[in-house]
Structure formats: C-alpha cells, structure tokens
Amino acid sequence: MKNALILAVTALACALPTAGRAAPPTMTTDAIVELSKYVVGYSYWWGHGRYRTDGKEPGSCKGNCATCGCPQCTHSGAYGADCSGFVAKAWQIPNTIAVTTDAHPYGTIHFIAAGANWNTVAKSAVKRGDSFVYNINGAGHMFIYDSGDPAGSVWAWECKGCSYGCVHDLRTISSDYKAIRRINVVDAPDKDGDGEPDKTDNCQTVKNPGQQDMDKDGKGDACDDDQDGDTVANTKDNCETVKNTDQKNTDGDTMGDACDPDNDNDGVLDAKDNCPVDKNVGQTDLDKDAKGDTCDDDKDGDTVLNTKDNCPEVKNPDQLDANNNGIGDACEGDADKDGVPDKTDNCPSVKNTEQLDMDKNGKGDACDDDADGDTALDVKDNCPGLANAAQTDSDKDGKGDACDPDQDGDGVDDKGAAAVDNCPAVANVGQEDGDGDGVGDACDGDVDGDMVANDPDNCPTTPNADQKDGDGDGTGDACAGDPGDPSAADAQAAAEAAGADAAAAGADTAAPASDTKVAPESTGLGAIDGSVAANPVGTGSTPTASSGCQTGGRAPAWPWAVVLVLSAAVVSRVRRARLA
Amino acid sequence: MSTHSRCLRVRWAWLALLAACQAPHGPVVEQPKRLSTLHQQLPTAPAIQAAQPVLANQTRIKVGPAAMPLLTLPWGHAAGHLGHRPADESIAEGPMALDVGPDGRIAVLDQVHARVQVWRDGQLPEVLGLPSNAFQDLAFGPDGRLWAMRRHGQPEIIAVGAVPPLVVALAHPRLGEPAAATALLVGRDGVWIERVHQDVLHLSDAQAGTPADPQALLGRFGAGQLLVTATLRPPTDAWVVAWTTDGAVAWQAQAQVRDATNNLLPILALREWAPTADGGAWLVIETAEGAERRHQALRWAAGGQLAQTVDLPLPTGPDEQFRPYRVGPDDALYALVADTDAARVWRFAP
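Reading the values: the criteria
- Residues numbered from 1 in each chain as written.
- Chains lettered and ligands numbered in written order.
- Predicted model: local features only at pLDDT ≥ 70, side-chain atom pairs only at ≥ 80, totals over all residues.
- Heavy atoms only, no water.
- Phe/Tyr/Trp six-rings, centres within 6.5 Å; stacked < 30°, edge-to-face > 60°.
- Buried < 20%, exposed > 50% of the residue type's maximum accessible area, 1.4 Å probe, protein only.
- Helix = DSSP H or I, 4+ residues; strand = E, 2+ residues; numbered from the N terminus.
- Core = buried A, V, L, I, M, F, W, Y, C linked by side-chain atoms within 4.5 Å.
- Contact = heavy atoms within 4.5 Å.
- Disulfide = S-S within 2.5 Å.

K.L.:
Mind laying out the packing of aromatic side chains, listing which residues take part and the relevant values?
P.N.:
Residue and element names in this part refer to chain A. On inspection of all chains with the given rule, the structure shows 13 aromatic pairs over all chains. Between Phe111 and Trp118, the aromatic rings sit 4.6 Å apart at their centres with planes inclined by 35 degrees, giving tilted as the arrangement. For the pair formed by Phe111 and Trp118, the shared burial category is buried. Between the aromatic rings of Tyr134 and Tyr177, the centroid separation amounts to 5.0 Å while the plane-to-plane angle is 75 degrees, which identifies the pairing as edge-to-face. Of this pair, Tyr134 sits in strand β7 (residues 131-136) while Tyr177 is found in the loop between β10 (165-172) and β11 (178-182), placing the two residues 43 residues apart along the sequence.

Here's what the structure looks like:
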C-alpha cells in the first residue's frame, strides 16, 4: 500500500510540465571535456556514476557470466560508472552535482528519446562534448564525443564495459548511434572560429582546425614564421617544411637538398639516382653495385678505393704490377679497353670481354678470320659458325650442307616435326615413293620394292621378284611391251603372285628383324643415314646411296653397297606387310 | 522539493517511471535494471589449456561451399564456443577479431573468455589463454606466431602462448595514446601497429626486441608489396590508395556503390581495408539503402581495376567488434559476423 502511494506521488511529480522544472545550468564545452577526462581509468560500475578528479580508487569490475552482460558482474570499490551514469555526470544533468557523488539519473533508454536536457543533432554537426547514444530492445551504450569524423573513427570518452572500464578511446560509430547535445552549452571563446577554443588553440587568430605543429613548439604551422623550427624563417627557408639549418643546396636551385627531389639536377630523381648528389646523367655503374661510377669510391668493385687502385676501372683485387710502373698488370696495355690486358687478350685490338674462341686456336672469334677453324675463311665460309672444311653445298644455295636444313634444296626440310625429306641429299620436290617404303624413288635402290635392286632388276619399276624373262632378252616378262614376253595381264598376275610371295617372305623375316631391335629409323633412310655417317662430310668420299641415286638409280659397283640397299628393301617390304 | 528529488526517493519506481517523464509522446515503459544481488548461479568456466607455442605448417582449413560459413561458433563456454555479453549500458562484448595464418589456420579472439581459439582443418580448436579480457586485436606473423594487442588498461602486445613470454609495450613516439593504435600487423621484420588508420609504426622485431630501423610507413601492409590507405569522402565516395614502401602512389581507386536503379548509395563507414598479395586490395564498407543497412566488400585488382563486389552478411545489433574482417594469405576476405545465437566465419574467395 505504501509502495503504491509512493508510486502514485512519483508519477504525479513526473507528469508535471517540463517547463516547471529547473533547466540544467549553463556549461562550456571545456567544462564537459574536463569532467570527461577525469573518468579515464575508473572501473565500469553498472547502474552508478561516481569518480574522482585525482584518479585515486579506480575500483575494478569482474564479469561473472560469459554469455550475459552486467549487471551479472561484480564491482569492487567505491568509484566507477556505467556509460549513461558517466555522461549524465559529465553533462551535469539534471543538476549540478559533484563527480564524486554517486548518481545515475538516466539510462540510454532515456537519452535515445527526446529529453528536456538534451536535443538531437545531426551527426555531421556534432561538436566536442556532444554524445552518441543507441538503445535497441533495451540494450544500449553511449559516450562523450571528443574529436574526429563520425563517419570514420572518433575519439571518445566512454565507460565501455566491465572488461575495459572507462577509457579515452579511438572507435568507430555504427549507424545505430544518434548524436545528442546537452542544452545550455556555450562554446569556449574561439576568435578565429576554427572550432578549437582559444584556450587550447595554437593559432588563436589564424584558422587552423587541424592544429598542425610540425616543430612542436606550441605555435601552429599556420601562424609560425619558422614552421620547421630550423631557425631559418619561412620566407628565407629553402625547405620551409623540412628542417635544414645548413640550407645546403648542392645544385643551386630554389630547393634545399633536404626537400629537393633531384639534388644534383641531373634529371634523375634522387629516389632512382645512383648518385643523388653528383650529376651523372648516364648513370653508369661499372661494378653494378647500385652506386654510380661518378660517386662510387670503388668503381670496379675490387675493394681497392679508386684513389689507390692501380686499375680503377678494371677489377684487380691483387693489384699486381710486374713492372712497378704504377699501372696494374690488369689494365696495362689494354688497347681495346675490354678489361682484358693485352698480354692475355685473345683479341688485343678488338673489344671482346667474353674472349670467345670457337676453334680454340688462341685467337678470339672477334678477330679470327676463320672462327670455326675449318680452313675456310669466314668471309667465304658457307657455314661460318660450324666447321665444314669440305664446304659441300648440295643444293648450291650458298649455305653449306652442314648448316643447311634442306641440303638438296627441294623445299622439304631434312628434319622436322612435319614433313621430312625422304631423299635428303637428292632433290625430289614431289617426294615420290612408288613402293611406299619411306625412301623416295629418287634415292631408292629398289624403286619397285620387289627385293631386286634396280640395277640387276630386269623390270626396275615393276615388281617381279621372280625376274622371269621368257625370251631371255634381259627385260623381264613383267615389263609391259617386251616382245616375246607374256601378255601384260599375265605379267600383272605374275607380279601379284610375286608380291604375295614377297609379302610371305617378308612376314617370315619380320620376326628376326624385330628380334634384332631394328628401329624404324634404321630402315631405308636410316641405312642411307648410316652410310653418310660412315662417310662424314669432309673426308672427300661420296655417300654411297647418294651417289646411287644421283646417277639415275644405278647401283654402285661395291658389293657391300648392294647388300645395304637390298637390306633396306627387305625391311621396307616387312614394313609394308605389317601395315597391310 | 523538485520533481527529480521526489523521484529519487523510490529508486525502483523512479526508474520505471522516468521514461514516461522524458518521453514526448506517451509513456515509454522501461524495464527496471536488475540489481547485482540477483546474480544467477553461473556455470563454471571451462579450463583453459596450457599455453603452447603456435607452430606453423599446419594443415589448411577446408573451404566450404560459397554460401556456407566456414565455422559456426555458438555463444557459450566450451571449446569451439565464444563468449558474448549483450549490451546493457555498455558495449556488447564478444569476439573481437579474427585472422588467418600463413598455413590457413583461423584464429578468433574470444575476448570475454580472455582466450584465443585457433581452428585448423576439421579439428577442435586449440585454445590459448590471454592474461586479460581487454585484448582487442590479433595477427599472425609470417612465421605462424600469433600476436595479440590490448589498447586499454595495460597497453601491450604479446606473442600468444610464447615461452618465455614475448611482450612489446604499446608505445611509440609518434603514437600518442595507446588507443590510437587501430590495427596490429606483423611482418617478417616484427611487430607493427597502425596509427589512427593512417600509417604503420614499427614497434619491435620478431623477438620483441627493439627494431634496428624503427621506421614508419604510410598505409597498412599485407601479404604483398604494397600498403593501402582508405579515406571516406561523405556522403557517397571512398578512395583507396595503394602505396609503395617508398611512399609513392602505386594506384588509386574511387569506391562507390549504387542501388538497382543506379543511384549512388551513401557510404556510412569504412570497416576494413588491406592489400592483397597480388597487388590489389579489399575494402569493406557500411552503406545503407533506405533504412536497410548493408555491409559490402569491394576488391580491386593490381593497378586499381574494380574486380569484385560482395554483399556481406550483416551482424545483428551495433557492431562493437574491433577487426571482424581480414584478408587472408590466399587473398580471400574473411568475415567474423556476430549474430543472435552465434558468430560465423565466412570466406569470400577473390
């Protein structure tokens, strides 16, 4: 009953018109700030607002529940505040009250709504001493704004929570917060209107909201006649914003070295200049140590300073000087200036730092008129970079076979990924290959593939393994148009029979051929290659198979060559039989 | 006797009715604050594992489907759960920050429990204790060591679980107040902090010793060779600038977001920015379309070409996390999003 009566009286009192209540006393923003500063270091104390101005007895707060906030926390000590208790104290609302006196007149639920002692202001218009507050579904927080961009980070005084206590913090403000301002606040005097009260303004009559003070002398840059504090007045300082008492100015331009992006005026900015204070447009750097030669006291990087180096531009850490003439052996008599002394230079009069010598004849390639040492002077050598004493040039295209990718000049490269010349040493643009054995007819010792070499074959272009020659005239029966021989039809039949026999014979020989691991490259063309290899260019002898082809299909007189060609023909037949 | 003096005589009733006093349009019913004497019987906090040094070369976190969070971490005490204290006249306390290690481990600063939990592929997290629950940021070093920073109380940066302890004072001649440290960064040459979102200051070498060259660089560094700053130009623009270590501008880009009808949306705040290893950068912004708040990420490729925009999941309630977004060593954006029942870690691949 008593409680009900008290409630009714309280409700009546609260229902009185706002105008009937005393407004809070006028305060300056400075006063709000001063009261705010004192709270830093005090503990968070939920439901309270009390702290001291001397920082003593800060108290402590301990959270007791990891999934619930205060008031499920334990506060120890006599002083501390929660967020709203602190703001009410700093704002001195609803009435003037000592900060040491415990009071908690409002919560965030009140501050978020319109109130008699505060007004809502736009975030963009917020001023020092204002507050930011949010309250959503009974949960809320607030703090006193100090400085900064509300859209970015702001400095704030706040009783943040049990874990942190009351702090001066740089923090962000989510969009849930709104800005409020205490009524009856007057700004401190601010003559220049830059937002910084005169009391703390480092340029009271010059607008400088940022308060920059480069030399930290207490006088803001905007009104400091020596803003970098180097004792040279701004008007005479060749670097107004960089301290350079000596005013050093190497290139004599209008900017001192301390602030000149190109101190030596050589057109290369200091950041990339390998000699920032020595003019060196060329940026030469002999020893590649990132220090230009112009300013490098050891140009050649041999650890001997230029002033003592007997070869300042040639690396000679040993400083050998056989004749004691003061000029190091390494650079003495180096006529071509290639860093290699003439004594050891394989081209003393031609600059050749690399000293390349292909034929190892002691004369560098740069000055050797026969660099590959094949006795053909480079000016006439058809392969100047490759020794080919014979200078063979099958296709007469001026490029020696040794270095010619198409030595017969028929337009089909000897080697390659796509087309490969089936007669690399005999020009055969059409690449005809009647028996399909991979060896072009132009160089095939058995053009018709009947296992009888062209020369003894009585029908070289018509397969007739039996070599029948009814009339004994030297021309096989299979050859059409031979009078006295059977009809062409019979010859064809005979040829087919011979072909079948040959295929059967090939099949029989296939196994041994495989057993001997004859690689495909060893067939036909491979045999010719082998002959070439056995008769290398430069020995003066002519490749066997090549000569056979070049003489219109006539086989060479040497028996071993015939054997080779026949072997190739046999293997070719085997291949065909396999394909069939 | 004034109106308020009368109110103060009955605290309980006064709290209930004061809202009505202040409300301009009818009474606002406020729940009375609970008194500290009403403490609940609280469960015992879980034991925290002995601190162990964090080692590198662990297995990588598996990356889930794009539409699924990598980790869902309910509010609670156990390993794998995170502490969360709803706001009641204070900030909401909860997981403050995350980072992704060079080996793919994900660390979350479980501030309420004064611990860091580190997840690796499909395993229960490694739990590492912190000396206080006021730590706000953490960062992996290139060597896999984990560092944590507290800005208030006893400002310091510690190597988490290091034996012997490695402690760096959060102090620098150019820093001013420790609270001016807005990010913790760890490079090959040791510990750095970001000052007021502008420049980074070298505090110590990798062994917490004084650095040989305590330099300051403009921007925030990451895995690549560039540093990045981000600047808000209200109401609709932000600028991202990539810097070289020489202080030269490598590239710069303007950030704007538009609605479906191509109207520019306001950018309310910048949440996170960092360079990527490939010379690009991520920026996370808070924007709003009408009354609807949005978090959006934008990624620029090397050279400053806009390469990607991502609508991020929204945290519920005011966001009081310190660094909930982080660019990982894989150039993906990781987000630690607090919800009503859990915090979730998301990965957004570049």
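K.L.:
Could you give me a rundown of the nonpolar core, with the residues and numbers involved?
P.N.:
Formed by 40 residues in total, the largest nonpolar core has its most connected members in Trp147, Ile157 and Ile193 of chain B. If you list the elements that add at least two residues to this core, you get β3 (106-110), β4 (115-119), β6 (135-140), β7 (146-150), β8 (156-159), β10 (181-187), β11 (190-195) and β12 (199-204) of chain B. Every residue in contact with Ile157 of chain B, bar those within four places of it in the chain, is listed here: Trp147, Ala148, Met149, Leu166, Val167, Val168, Leu170, Leu184, Val191, Ile193 and Leu203 of chain B. Ranked by size, the runner-up nonpolar core spans 33 residues in total, among them Val87, Ile144, Cys162 and Ile180 of chain A.

K.L.:
Give a description of the state of the cysteines that names residues and reports values.
P.N.:
Residues and elements named next belong to chain A. Under the definition given, this model contains 11 disulfides over all chains. At a sulfur-sulfur separation of 2.1 Å, the disulfide partner of Cys159 is Cys166. Taking the torsion about the sulfur-sulfur bond, which here is approximately 100 degrees, the covalent link between Cys159 and Cys166 counts as right-handed. There is no split in this pair, since Cys159 and Cys166 are both buried. At a sulfur-sulfur separation of 2.0 Å, the disulfide partner of Cys311 is Cys331. Across the disulfide from Cys311 to Cys331, rotation about the S-S bond amounts to roughly -90 degrees, and the bridge is consequently left-handed. Note that Cys311 is positioned in the loop between β12 (185-186) and α5 (488-515) and Cys331 in the loop between β12 and α5, a separation of 20 residues in sequence. Take Cys83: it sits in no disulfide, and the sulfur closest to it among the cysteines is that of Cys159, at 7.7 Å.

K.L.:
Quick one: what's the story with helix α2 (residues 29-37) of chain A, residue by residue and with numbers?
P.N.:
Along α2 of chain A, the residues classified as buried are Thr29, Asp30, Ile32, Val33, Leu35 and Ser36 of chain A. Each element contacted by the buried residues of α2 of chain A is listed here: β1 (27-28), α3 (83-91), β8 (139-148), β9 (153-161), β11 and β12 of chain A.

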